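Per-entry structural report
As a plain string of letters, each chain reads:
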Amino acid sequence: MDKVLARGSGSAVARSRPRTAVLSMLAGVAMVATTVAVATGASAGTTLGASAAEKGRYFGTAVAANKLSDATYVGILNREFNMVTPENEMKWDATEPSQGQFNYANADRIVSHAQANGMRVRGHALAWHSQQPGWAQNLSGTALRQAMVNHITQVATHYKGKIYAWDVVNEAFADSGGGRRDSNLQRTGNDWIEVAFRTARAADPAAKLCYNDYNTDNWTWEKTQAVYNMVKDFKARGVPIDCVGLQSHFNSGSPYPGNYRTTLQNFAALGVDVQITELDIEGSGTTQATTYGNVVKDCLAVSRCTGITVWGIRDTDSWRASGTPLLFDGNGNKKPAYTAVLDTLNAGGTTPPPTTPTSTPPTSNPPTTPPPSGNGCTASFTTNQWQGGFVTTVRVTAGAAPLNGWAVALTLPAGASLVNTWNAQPSGTSGGLTFRNVAYNGQVGAGGSTEFGFQGVGTAPSGTPTCTAG
């Protein structure tokens, strides 16, 4: 998503971190109170969304469209949360699988569910170097810049008036050195982020526009400073930016930093909101609960920390499921971490967080499998692998004749299983799988290509997938 290594951000690289805000700051609460909605049926003080709303904030979660048929999942979603973020369904590869041909079906399903249940929506993400459709990956220079501008314009216009905040640009800075990440978007010119924000403002003027990144939780890190300086420059020059998202994915390799609150305060002092956008904390029991509580305290202590989003509902829904990083266990039961969050929201307060050691943020480069050649169709894939999970993007390429339907077969390693799939229909969740086209991407012109993707837990597949036409 969305690091330690990006999620179904989500992305696969380390992701988000949390914050806390102080109740006594009545002016700050008043400032954001008009933007807060309580999910239908929520009772103040008894659910995450309702308790956060009492403090002038939201409490949200990432949502996968294919989980909306899961009664336990939906029951928790509707009861506890008042903000949702589509996990993969609004990303470039999902919304524009072929250039100029847009598909909003799964994202629309999430937005409609949110609206029907009194929730608001964070849009994620308009421009990102990862999870681009194959056709965009093959562009460069002016052609790619124009494609990015058109994509932002079309998607933001489609959802105009329905989105609380957009992650306009995602993960554009390198993990070390304080510079920009080298990507096809960055190579179109150093002004590409500014262009993306100005384009989003023109398309959806009422939405908040956010920059979102991981490993920006520790105030002393070069990456944090680089993002801070960009936001400061944008505010000084009138580039439209309203918020900064901290992904805040915490684990033993990327722990919650003792200066987290300082980071939130310093970004807020630039005149932007801060949002914890992809929070998950690996661990269990009291230790995990304490860290979750400290994150919430930090957000409540900063008046412009307007909300927290956890990246998934149950541990089994997480891109890092083996680390049991969420507030509900696999059966949907509330964990001690849930109780710590709810109690902290209800109590408010400004208890200083403990100081914990920091570490260098991890990085990973996705391996690439070169596409095979031949008639009929061929398939190749790229994978973002992190500890405990992965996101794989598969490209289907037609041979000398056009395709009227296709199927791709591959095998997941032992212990690996699917969490989410987009732009294809899988035959199962583990072992040998066959992914078949969906209604809108079965027809592919001779020599042309289309893409689908999936997120899983465990080890990513390797080798060459088999493609069958027809």
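Conventions we followed
- Along each chain, residue indices are assigned from 1 in the same order as the chain's sequence is written.
- Per-residue local features of the predicted model are confined to residues with pLDDT of at least 70, and side-chain atom pairs are confined, for both listing and counting, to 80 or more; whole-chain, interface and lining totals are unaffected and use all residues.
- Excluded from the side-chain calculation are hydrogens and water; included are all heavy atoms of the structure.
- UniProt positions are given in the numbering used here, feature names are shortened, and annotations may be inferred rather than shown by experiment.
- Confidence of the predictor in every single residue is expressed as pLDDT, which spans 0 to 100.
- Residue contacts follow a heavy-atom distance rule, with two residues in contact if any of their heavy atoms lie within 4.5 Å.
- Helix and strand definitions here come from DSSP, where helices need a minimum of 4 consecutive H or I residues and strands a minimum of 2 consecutive E residues; each element is numbered from the N-terminal end.
- Under the scheme applied here, a residue whose accessible area is under 20% of the maximum for its type counts as buried, over 50% as exposed, and between as partly exposed, the area being computed with a 1.4 Å probe on protein chains only.
- For two strands to count as paired, DSSP must find a minimum of two bridges between them.
- With strands facing away from the observer, any crossover in which the path from the first strand over the helix to the second runs clockwise is taken as right-handed.
- In this description, the term disulfide denotes a pair of cysteine sulfurs within 2.5 Å.
- To qualify as a nonpolar core, a set must consist of buried Ala, Val, Leu, Ile, Met, Phe, Trp, Tyr and Cys residues joined through side-chain atoms within 4.5 Å.
- A pocket here means an open set of points on a 1 Å grid, computed over the protein atoms alone, that has protein on both sides within 12 Å along at least five of seven lines. A cavity is instead a set of points where a 1.4 Å probe fits but cannot get out; residues with an atom within 4 Å of a point line either one.
- Grid points are joined across faces, edges and corners, and a volume is the space filled by probe spheres set on the points.
- Residues are sorted three ways: Asp, Glu, Lys and Arg are charged, Ala, Val, Leu, Ile, Met, Phe, Trp, Tyr, Cys and Pro are nonpolar, and all the rest, Gly among them, are polar.
- Throughout, the edges of the domains are those of an automatic or database domain assignment.

Naming follows an unreviewed UniProt entry, where the protein chain appears as Beta-xylanase of Micromonospora chaiyaphumensis. The Sequence similarities (unreviewed entry) comment attached to the protein chain in UniProt states, word for word, "Belongs to the glycosyl hydrolase 10 (cellulase F) family." Regarding the protein chain, the UniProt comment filed under Catalytic activity (unreviewed entry) reads as follows: "Endohydrolysis of (1->4)-beta-D-xylosidic linkages in xylans."

**Describing the confidence of the model for the protein chain**
Low-pLDDT stretches of the model should not have their predicted coordinates read in fine detail. When pLDDT is averaged across the protein chain, the result is 85; 84% of the residues are at 70 or more. Scored below 50 in pLDDT, residues 1–43 shows 256 contacts in the model against residues more than four places distant or in partner chains. Throughout residues 349–374 the model reports pLDDT below 50, and contacts reaching past four residues in sequence, or to other chains, amount to 56 contacts.

**Some words on unusual backbone geometry**
Each neighbour pair has its own omega, and for His124 with Ala125 the value is -5 degrees, a cis peptide bond. You can see Ala125 is positioned in strand 5 (residues 120–128). Of note, the phi angle at Gln131 is positive, near 50 degrees, even though the residue is not glycine. Tracing the backbone shows Gln131 in the loop between strand 5 and helix 6 (134–137). Judged by its relative accessible area of 6%, Gln131 falls in the buried class. Despite not being glycine, Ser248 shows a phi value in the positive range, around 55 degrees. Within the secondary structure layout, Ser248 lies in the loop between strand 8 (243–246) and strand 9 (249–250). When its relative accessible area of 0% is taken as the criterion, Ser248 is described as buried.

**What about the pairing of strand 4 (residues 83–86)?**
Going residue by residue along strand 4, you find Met83 and Thr85 tucked away on one face and Val84 and Pro86 tucked away on the opposite face as well. As paired strands, strand 3 (residues 58–63) and strand 4 are joined by four bridges and run parallel to one another. Counted as the bridge partner of Val63 is Pro86 from strand 4. In the classification by handedness, the crossover that spans strand 3, the intervening helix 3 (residues 71–80) and the parallel strand 4 is right-handed. The pairing of strand 4 with strand 5 spans two bridges and is classified as parallel. By the bridge assignment, Val84 is partnered in strand 5 with Val121.

**Thoughts on the state of the cysteines**
Summed over the entire model, instances satisfying the criterion amount to three disulfides. Residue pairing for Cys210: its cysteine sulfur links by disulfide to Cys243, the two sulfurs lying 1.9 Å apart. Between Cys210 and Cys243 the sulfur-sulfur dihedral comes to about -80 degrees; the bridge is accordingly left-handed. Of this pair, Cys210 sits in strand 7 (residues 208–213) while Cys243 sits in strand 8, and the two are 33 residues apart along the sequence.

**Details of the environment of Ala207**
By secondary structure assignment, the location of Ala207 is in the loop between helix 8 (192–203) and strand 7. Classification of Ala207 by relative accessible area gives buried; the value is 2%. Between the alpha carbons of Ala207 and Tyr164 there is a distance of 5.3 Å; along the sequence they are 43 residues apart. The residues contacting Ala207, other than those within four sequence positions of it, are Ile163, Tyr164, Trp166, Arg201 and Asp242.

**A word on the pairing of strand 15 (residues 406–411)**
Bridge count for strand 15 against strand 21 (residues 466–469) is four bridges, and the pairing is antiparallel. Of the residues in strand 21, the one forming a bridge with Ala409 is Thr466. Examined bridge by bridge, strand 15 and strand 18 (residues 432–436) share five bridges and lie antiparallel to one another. Bridge pairing in strand 18 places Leu410 opposite Leu433.

**A look at the sheet that holds strand 18**
Spatially, four strands are ordered 17-18-15-21 in an open sheet, and the strand pairing comes out antiparallel. Both edges of this open sheet fall to strand 17 (425–426) and strand 21, since each of them pairs with a single strand only. Pairing analysis gives two bridges linking strand 17 to strand 18, with the strands arranged antiparallel. Paired with Pro426 across the strands is Phe435, a residue of strand 18.

**Structural notes on the nonpolar core**
The biggest cluster of nonpolar side chains holds 90 residues, and the ones touching the most others in it are Phe59, Trp166, Val169, Phe197 and Leu327. Residues contacting Leu327, with those up to four places away along its chain left out, are Leu48, Phe59, Tyr292, Val310, Ile313, Asn333, Lys334, Lys335, Ala337, Tyr338 and Val341. One finds Cys377, Ala398, Leu403 and Leu418 within the second-largest nonpolar core, a separate group that totals 22 residues.

**Remarks on the layout of surface pockets**
Roughly 260 Å³ of volume is contained in the second largest pocket. Forming the boundary of the second largest pocket are 18 residues, of which Asn66, Asn106, Thr421, Trp422 and Ala424 lie nearest the centre. Those elements giving two or more residues to the lining of the second largest pocket turn out to be helix 5 (105–116), strand 16 (417–422) and strand 17. Classifying every residue of the lining of the second largest pocket by side-chain character gives seven nonpolar, nine polar and two charged. Counting only domains with at least three residues in the lining of the second largest pocket, you end up with domain 1 (48–347) and domain 2 (377–469).

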